[in-house]
Amino acid sequence: MAMLVWPFLIYWLVLFVACFVVVEIGQDQLYDEVTPRAGLKVAAGSLVIAVLMTALRAKGFAASFDSMFTSNIASTLLQGVVWFVVFTLIFQFHPWHALGLGVVTMLLVSGLATMGVDSILLRPAPTSAAARPFVPSEPVRQSLAPAGGAGHPLAPAAGAAQPKRAEKAK
């Protein structure tokens with residue numbers, strides 16, 4: 001039971017926040033006003049979508065970005081239809097606006113919500129130890145100090161003969 005409740009609550013929270021932002025900004029920009037009781041409508045619409053996403057996750061068809069357009073294309077199409085219906089009937093967008101905003105929001109938010117559910121509920125796989133011991137590597141560049149400076153690897157040892165420099169002709 002807990003494996004259904006926690007994903008549902010996480011999905012509902014993420015979907016509520018994302019849909020609330022989309023509804024508030026979308027209806028203000030498209031229609032110059034927000035429908036009355038928008039918060040309750042967003043709560044109801046995100047509840048419907050969260051139930052669908054939880055049911056699909058329980059059946060093994062989670063809306064993850066890596067399988068959304070390959071092995072889970074049927075669940076993606078089902079979600080697209082449900083998101084369109086929710087944006088049209090519950091959020092009260094014009095059908096063409098609901099199609100655009102609903103599908104784009106679905107493509108972005110459903111994968112992000114699934115990543116959130118997976119990161120909170122799934123235990124990470126244990127990592128194995130390194131196969132070889134750590135070996136420090138040699139520096140790629142040499143020192144930028146002058147070649148004759150103290151501490152430079154090419155500096156002559158103390159007491160070694162210094163090569164004579166050619167004197168200037170007078």
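Before reading on, note that the structure itself is shown above.
Now for a description of the structure that goes with this document. (Residues numbered from 1 in each chain as written. Predicted model: local features only at pLDDT ≥ 70, side-chain atom pairs only at ≥ 80, totals over all residues. Heavy atoms only, no water.)

With respect to helix α3 (residues 73-90)
Definition in use: Helix and strand definitions follow DSSP, with helices as H or I runs of at least four residues and strands as E runs of at least two, each counted in order from the N terminus. Expected span, for any helix, means 1.5 Å times one less than how many residues it has. Three exposure classes are used, based on accessible area relative to the maximum for each residue type with a 1.4 Å probe and protein chains only: buried under 20%, partly exposed in between, and exposed over 50%. Contacts are assigned to residue pairs that have any heavy atoms within 4.5 Å of one another.
Taking 1.5 Å per residue, 18 residues should reach 26 Å; α3 reaches 25 Å between its end C-alpha atoms and fits that length. Along α3, the residues classified as buried are Ser75, Thr76, Gln79, Gly80, Val82, Trp83, Val86, Phe87 and Thr88. Close packing links the buried residues of α3 with α1 (2-31), α2 (38-58) and α4 (95-121).

Considerations on the packing of aromatic side chains
Note the following rule: Aromatic pairing here means that ring centres of Phe, Tyr or Trp (its six-membered ring) are within 6.5 Å. Orientation follows from the plane angle: under 30 degrees is stacked, over 60 is edge-to-face, and everything else is tilted.
Throughout the structure, instances matching the rule amount to 6 aromatic pairs. Seen from their ring centres, Phe16 and Phe20 are 5.8 Å apart, and the 25° between their planes marks the pair as stacked. Linking Phe16 with Phe20, this pair stays in helix α1, spanning 4 residues, or about one helical turn. Take Phe16: its relative accessible area is 28%, and that puts it in the partly exposed class. Consider the rings of Phe87 and Phe93, whose centres lie 5.7 Å apart with planes at 25°: the pair is stacked. Here Phe87 and Phe93 have matching classes, each one buried. Every member of this aromatic cluster is reached through a ring pair, and the members are Tyr31, Trp83, Phe87, Phe91 and Phe93.

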